[in-house]
Amino acid sequence: MFTVEINDTEVLAALDRATAVLTDATAMMNGIGGFLRDQVEDRFNTQAGPDGTAWAPRSAATIKSYERRAAKPGGVGSWGGILHYSGQLVGNIFREYDAESVRVGSVEPYAAMMHFGGSKSAFPHLWGSIPARPYLDFSDEDRAGILDIVTETITAALEG
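Since the structure is predicted, the reported quantities are computational estimates derived from the model, not experimental observations.

(A) Expanded view of the overall build of the protein. A count of helices and strands for the protein gives 6 helices and 2 strands. Helices and strands appear in the protein in the N-to-C order α-α-α-α-β-β-α-α. The globule rule puts the C-alpha radius of gyration for 160 residues at 15 Å, and the 23 Å found for the protein is more than 25% above it. Along the first, second and third principal axes, the C-alpha set of the protein runs to 80 × 35 × 25 Å. Here the protein holds 160 residues, and the buried ones make up 32% of them. Summarising the internal contacts of the protein: among those between residues at least 6 apart in sequence, 57% fall at separations of at least 24. About 10100 Å² of surface is accessible on the protein, with carbon and sulfur atoms providing 57% of the total. The average position of the 13 basic charges and that of the 21 acidic charges among the side chains of the protein differ by 22 Å.

(B) Molecular detail of the environment of E108. Among the structural elements, E108 can be located in the loop between β2 (102-106) and α5 (111-116). What makes E108 buried here is its relative accessible area of 11%. The residues contacting E108, other than those within four sequence positions of it, are Q88, L89 and N92.

(C) Molecular detail of the layout of surface pockets. The volume enclosed by the largest pocket comes to roughly 640 Å³. For the lining of the largest pocket, the secondary structure elements donating two or more residues are α3 (60-71), α4 (88-91) and α5. With 4 residues, the top contributor of residues to the lining of the largest pocket is α3. Looking at the lining of the largest pocket, its residues break down into 15 nonpolar, 9 polar and 3 charged.

(D) Structural view of the nonpolar core. Counting residues in each nonpolar core, the largest one holds 14 residues, and the members touching the most others are F44, W55, L83, L89, M114 and Y135. Counting residues per element, the ones that place at least two in this core are α2 (26-46), α4 and α5. When residues in this core are grouped by element, the largest group, 3 residues, is from α5. In contact with L83, other than residues within four places in its own chain, are F44, W55, R58, L89, M114, R133 and Y135.

About the criteria used
Per-chain numbering applies: the sequence of each chain, read as written, is numbered from 1 onward. With the structure being a predicted model, the display of local features is reserved for residues of pLDDT at least 70 and the display and counting of side-chain atom pairs for 80 or more, all residues being used for whole-chain, interface and lining totals. Hydrogens are left out, water is left out, and the side-chain values use all remaining heavy atoms of the structure. Strands here mean DSSP runs of E at least two residues long; helices mean DSSP runs of H or I at least four residues long; both are numbered from the N terminus. With C-alpha atoms as the basis for the radius of gyration, the globule rule is written as 2.2 Å multiplied by the number of residues raised to the power 0.38. A simple rule labels every residue: compare its accessible area, found with a 1.4 Å probe on the protein chains alone, to the largest value its type can have, and call it buried under 20%, exposed over 50%, or partly exposed in between. Here, residues are in contact when the closest pair of their heavy atoms is within 4.5 Å. With residues, only the protein chains shown are counted as cover, and all accessible areas are computed by Shrake-Rupley using a 1.4 Å probe. None of His or the chain ends enter the tally, which takes Lys and Arg as positive and Asp and Glu as negative. To locate a charge, the coordinates of NZ of Lys, CZ of Arg, CG of Asp or CD of Glu are taken. A pocket here means an open set of points on a 1 Å grid, computed over the protein atoms alone, that has protein on both sides within 12 Å along at least five of seven lines. A cavity is instead a set of points where a 1.4 Å probe fits but cannot get out; residues with an atom within 4 Å of a point line either one. Grid points are joined across faces, edges and corners, and a volume is the space filled by probe spheres set on the points. Classification convention: Asp, Glu, Lys, Arg as charged; Ala, Val, Leu, Ile, Met, Phe, Trp, Tyr, Cys, Pro as nonpolar; all other residues, Gly among them, as polar. Think of a nonpolar core as a cluster: buried Ala, Val, Leu, Ile, Met, Phe, Trp, Tyr and Cys residues, connected wherever their side-chain atoms sit within 4.5 Å.

Note that every value here comes from positions in space, so none of it alone points to a role or purpose.
So this is what it looks like as structure tokens:
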């Protein structure tokens, strides 16, 4: 067996920095979470899913319901884009991260219904079926952005 021992301070320092980033990736996970949250906000702005497919327009029943609500005292007069009646859904997209993981999601109880959709037959309390309007799915652009963040983080650690 052949062994080489490296005692170069620059090389050892770079290895220490890379090991530190890989051992506690909290800052990198925070960056990834921020990026993914921004991606979700972009989907609300473009009103399209991660694959670029436009969300289904509001139904006539939804528009009628919004008109009734707007006519009431304190009603919302301007509804914004699809999935943006009050701004609560997009406004409550969260990110949680630690040294090993990141989560991006919504705390709103109706968030899954808006993402996956639902039928009136399965959920009788709805005034009509809700089409799926995905906003949390993972796209090729998300993958590329995350890989860029990982590469930049490790490169910055190596360069010191």
